[in-house]
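# Examining the three-dimensional arrangement
Residues per chain, in single letters:
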Amino acid sequence: MSRPRPAASSRAEAPPSLHWQIAWRHLRAGDRPPSWAWPAVGLALYLLVVGGGFVLYALYGFSPVEAGLPERVALDSSLVGLGFDPTTDLPPPAQAYFGVLGAITLLLGAGLLLGAVLSLVFTLLATVITVSVMLGCMALVVVLSLMTGLELELRDKILGQRAHIRVASADGRPFADYRDLAKAIADKPGILGASPYLQGEVMVRSGFQRQGGILLGIDPELHRSVSNLPDIMREGDYEFLSHPEKIPESEFGFEITPVEPPPAQADADTAKEGQGATALPHVTGAEGHVPEDKPQLVDDDPDEGWEDPEVEIPALRKKGALPPAKAEKPDVVKPMAVPTSPAAAIPTMPRSPFGVVSVGEEDEGWEDPEVEIGKLRAAGKLAPAKPEAAPEPEPAPEVETELETPTDKPLVDGLLIGAEKAKELAARTGDQVQLITPIGRMTPAGRIPGVMAVRIAGVFDADHYDYDRWLVYASLPVAQAFLRAGDRVTGLEVKVDDIEQLDVRKQEVQDAVDAAGRDDLLVQDWQELNRSLFSAMALEKIAVFVALLCVILVASFGILGSNLMSVIEKSKEIAILKTMGCTDSLIQRIFISEGLCLGILGGILGIATGIGLCGLLDRFGLPLSGSLQSFEQLPVAIDAFEVVLVGVSSLVIVWLSSLYPARIASRMRPVDALRQAER
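Reading the values: rules and limits
Residues numbered from 1 in each chain as written. Predicted model: local features only at pLDDT ≥ 70, side-chain atom pairs only at ≥ 80, totals over all residues. Heavy atoms only, no water. Helix = DSSP H or I, 4+ residues; strand = E, 2+ residues; numbered from the N terminus. Buried < 20%, exposed > 50% of the residue type's maximum accessible area, 1.4 Å probe, protein only. Contact = heavy atoms within 4.5 Å. Phe/Tyr/Trp six-rings, centres within 6.5 Å; stacked < 30°, edge-to-face > 60°. Lys NZ or Arg CZ within 6 Å of the ring centre and 35° of its normal. Axes fitted to C-alpha atoms, helices over the stretch in contact; angles between N-to-C directions. Parallel < 35°, antiparallel > 145°, perpendicular 65-115°, else oblique. Left-handed = near helix turned anticlockwise from the far one by under 90°. Nonpolar A, V, L, I, M, F, W, Y, C, P; charged D, E, K, R; others polar. Salt bridge = Lys/Arg side-chain N within 4 Å of Asp/Glu carboxyl O. Core = buried A, V, L, I, M, F, W, Y, C linked by side-chain atoms within 4.5 Å. Expected span 1.5 Å × (residues − 1). Bend = angle between axes of the 7 residues up to and from the residue. Polar contact = N/O pair within 3.5 Å; in protein donor to acceptor, adjacent residues only side chain to side chain. Pairing = 2+ DSSP bridges. Patch = residues over 30% accessible without salt bridge, like charges linked within 9 Å, V, L, I, M, F, W, Y side chains within 5 Å. Areas by Shrake-Rupley, 256 points an atom, 1.4 Å probe, with all protein chains shown as cover. pLDDT = per-residue confidence, 0-100.

### Thoughts on the overall build of the protein chain
- Within the protein chain, the regular secondary structure consists of 19 helices and 10 strands.
- By residue count, 34% of the 679 residues in the protein chain fall in the buried class.
- Taking the intrachain contacts of the protein chain between residues at least 6 apart in sequence as the baseline, contacts between residues at least 24 apart amount to 77%.

Right, dumping it as structure tokens:
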């Protein structure tokens, strides 16, 4: 007895690409494209030609450049082979404005051309949905590439000037015995160098301004192996830090008035004795001259410097300083009369303490001290004269000799400052500045800050505001003496050969520290030192990614509405397909394929446009400095993983938005579909 044959399937299997063919047919515009499509294509081509002309005029300026105009943007020589000869001058402002206008015109023309071409192929609703998905993907690619480029540039700047690994005390205090440890770390495999540094906060004072800063004392030879500081010098030379005698003289020759200590007690007493606040300062001679300490002659005479006129006057007359003595006249004494009135009985005060002055003398009462003193001594009213001492020989007149001014100026140590600090201080290479620190000395007047005069040995440009604004470099011995740190350092900076092997290199540095028995030191890499900064950037990138996904989400709602309208409009075709034997899964795949077609096309166009814009931004940049003449190149880095993530995210959103309309179409019965089509 033979088995009955199984009945043949009433529905034949559809080819795998049938749902894609039907979906593509539903999205097509038909045999007659919109009437406005071709005029839009012509307008787009016109805008592209005009915008291209503006850009070429801005880049390669066909008009002659007048003398005295601002500097022109550096030009590329890529069109030299085409007959253009780009100069190294900068275009005038008019050409810069034309360049920006041309770029905007090119973007408008490209967008209009894309929309017109899509309208020739797809329906208007499908064109709008495709452009929406494209804009979302393009924005995601451009923004993520810019943020990735900014992160990589910031990392390169940090790792260029500061080392990859830092070895410092756990409590942040300076430590000693660092030389052997630095040598042991530098000998490890994969380590390019280890350099000690001393860090402290200071104030930098110039003749125009004073600003705070962070002083880093470094060993110039060792620091060269862990930093790119010698390569980013804009003025001066890195070698001047080790050889301050080679620092060139300042162009202005400006010197800062030194900070003078409070006046000593002797100076205060001198001021009290009559100089006053308006007295002129004493000339102390050349700089560095120490005045001679001459002893003062002390007089032991109990008379406190009184000189006997009887002895001194003859000596002065002998020298011719006084006129000779007059001849002595006999005294004429008139008889005293008896007073006849009460007024005459009142005694009168003699005019001279040495006796009554004779009336009628021609000198009007003048008495010769030489004669009168002799009389008084003869009468016993004055002490006898002291014997005249032998006259001291007159000292020879001093010959004034000019002070010898030293031909060699005292050596002043060098200092490296950033470009931003140089602008704030208005200082250039060779200028003299002062370093001021609160670590000073105690005096009776209080704590006096430490002040040291230095000269600008060079100006570096790290293209990082914090570094250019705050960091100042000096040689390690100078910083140790100025900060009174002794032979101690804040830490060691270590640079590795491969940043991708940072964990392995960090472990080798940790082994060297443990072998030296330095449990008080902590080993940290650049990621740990800048964890907060890069964590904030990562969170910002995630937030921007989620925000821009909303653009694609808005486009997905368009796909949802388009497919729902397609289900309603194509209900008759759905009923016919089901009557012909199409399964529910085939109907569902057709409507899902419609959404995926729009999503895939919009994603590919958006990613391609985004990559092209990133290339243009990397090549030409944007006018971010406030002037259309200065185009700053943006840090752009395209990450393949991020590009794939954008494409996959857009497809997932589009696929989810197509599920609901496809499910409704697959569950629709043929009778209900025909009845709905008749309505």
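### Quick notes on the environment of Phe557
- Inspection of the secondary structure puts Phe557 in helix 15 (residues 531-569).
- When its relative accessible area of 54% is taken as the criterion, Phe557 is described as exposed.

### Details of the packing of aromatic side chains
- The tally for this structure, following the rule as stated, stands at 3 aromatic pairs.
- On the numbers, 5.2 Å between centres and 80° between planes, the contact of Trp24 with Phe122 is edge-to-face. Of this pair, Trp24 sits in helix 1 (residues 18-27) while Phe122 sits in the loop between helix 3 (93-121) and helix 4 (124-161), and the two are 98 residues apart along the sequence.
- A relative accessible area of 39% places Trp24 in the partly exposed class.
- Summarising the aromatic geometry, the rings of Trp526 and Phe534 are spaced 5.3 Å apart at their centres and angled 80° between planes, so their arrangement reads as edge-to-face. In this pair, the class of Trp526 matches that of Phe534, namely buried.
- The ring of Tyr197 has Arg162 lying over it, and the distance from NZ or CZ to the ring centre is 5.9 Å.
- Sitting over the ring of Trp470, Arg469 keeps its end group 4.5 Å from the ring centre.

### So, the packing of helix 1 against helix 17 (residues 584-619)
- Their axes nearest at 8 Å, the elements helix 1 and helix 17 cross at an angle of 55°. With respect to each other, helix 1 and helix 17 are oriented oblique. In this structure, helix 1 crosses over helix 17, and the sense of that crossing is right-handed. In this structure, helix 1 uses Leu18, His19, Trp20, Ile22, Ala23, His26 and Leu27 to contact helix 17, whose residues at the interface are Leu586, Arg589, Ile590, Ser593, Glu594, Leu596, Cys597 and Leu598.
- Of the residues contributing to the contact of helix 1 with helix 17, the split by class is 10 nonpolar, 3 polar and 2 charged.

### A word on the pattern of salt bridges
- One pass over the full model with this rule turns up 18 salt bridges.
- Its salt-bridge partner being Arg162, residue Glu493 comes within 3.0 Å of it at the nearest N-O pair. Linking Glu493 in strand 9 (residues 491-496) with Arg162 in the loop between helix 4 and strand 1 (165-169), this pair joins segments that are 331 residues apart in sequence. The exposure classification of Glu493 matches that of Arg162, with both residues buried.
- Measuring nitrogen to oxygen at the nearest pair gives 3.8 Å for the salt bridge that ties Arg428 to Glu235. Taken together, the residues span a long stretch of sequence, with Arg428 in the loop between helix 10 (419-425) and strand 6 (432-443) and Glu235 in strand 4 (residues 233-236) at a distance of 193 residues.
- One network of salt bridges, with partners in common, ties together Glu151, Lys541 and Glu642.

### Section: the nonpolar core
- Ranked by internal contacts, the top residues of the largest apolar core, which has 66 residues, are Val167, Ile185, Leu215, Leu415, Leu416, Leu435 and Phe460.
- Of all hydrophobic cores here, the second largest spans 15 residues; its members include Ile574, Phe591, Ala662 and Ala673.

### A word on helix 18 (residues 640-666)
- With 27 residues, helix 18 ought to run about 39 Å at 1.5 Å a step, and its terminal C-alpha atoms sit 38 Å apart, in line with that.
- Roughly 30° is the biggest bend found in helix 18, and it falls at Leu659, with proline Pro661 one to four residues downstream.
- Where helix 18 begins, the capping side chain belongs to Asp639, and its oxygen is found 3.3 Å from the backbone nitrogen of Phe641.

### Some words on the pairing of strand 7 (residues 446-460)
- Of the strand pairs in this sheet, strand 4 and strand 7 are connected by 3 bridges, and their pairing is antiparallel. From the neighbouring strand, Gly236 faces strand 7, where its bridge partner is Gly458.
- In the sheet, strand 5 (residues 414-418) pairs with strand 7 via 5 bridges, with the strands oriented parallel. Within strand 7, the position partnered with Gly418 by the bridge is Phe460.
- In textbook terms, the turn of a hairpin is the stretch between consecutive antiparallel strands, and for strand 6 and strand 7 this stretch comprises 2 residues.

### What about the pairing of strand 3 (residues 210-218)?
- Pairing of strand 2 (residues 191-205) with strand 3 involves 9 bridges; the strand directions are antiparallel. Residue pairing in the sheet places Leu198 in a bridge with Gly217 of strand 3.
- Counted along the chain from strand 2 to the antiparallel partner strand 3, the turn is 4 residues long.
- Bridge count between strand 3 and strand 8 (residues 471-475): 5 bridges; the pairing is parallel. For Ile218, the partnering residue across the bridge sits in strand 8 and is Ser475.

### Some words on unusual backbone geometry
- Look at Asp177: it is not a glycine, yet its phi comes out positive at around 55°.
- When you line up the elements, Asp177 lands in the loop between strand 1 and helix 5 (179-186).
- Residue Asp177 is classed as exposed on the basis of its relative accessible area, which comes to 64%.
- Phi angles above zero are rare outside glycine, and Asp463 is one such case at about 55°.
- Counting through the fold element by element, Asp463 comes out in the loop between strand 7 and helix 11 (465-470).

### Remarks on a nonpolar patch on the surface
- A surface patch of nonpolar side chains, amounting to about 440 Å² of accessible area, comprises Val644, Val648, Val652, Trp655 and Leu656.
- Secondary-structure assignment places Leu656 in helix 18.

### Some words on the confidence of the model for the protein chain
- For the protein chain, mean pLDDT is 75; residues scoring 70 or higher make up 69% of the total.
- No element of the protein chain has a lower mean pLDDT than helix 7 (residues 265-275), at 44, and none a higher one than strand 8, at 94.
- Note on residues 332-364: pLDDT is under 50 here. Beyond four places in sequence and across chains, it has 14 contacts.

### Here we look at the side chain of Ser571
- Along the polypeptide, Ser571 turns up in helix 16 (residues 571-579).
- Classification of Ser571 by relative accessible area gives buried; the value is 1%.
- Among the polar contacts made by the side chain of Ser571, one reaches the main-chain carbonyl oxygen of Ile568 at a distance of 3.3 Å.

### What to know about the environment of Ala422
- In this fold, Ala422 is placed in helix 10.
- Considering only alpha carbons, one finds Ala422 and Phe460, 38 residues apart in sequence, at a separation of 9.3 Å.
- Aside from chain neighbours lying at most four places away, what touches Ala422 is Ile417, Ala427 and Val459.

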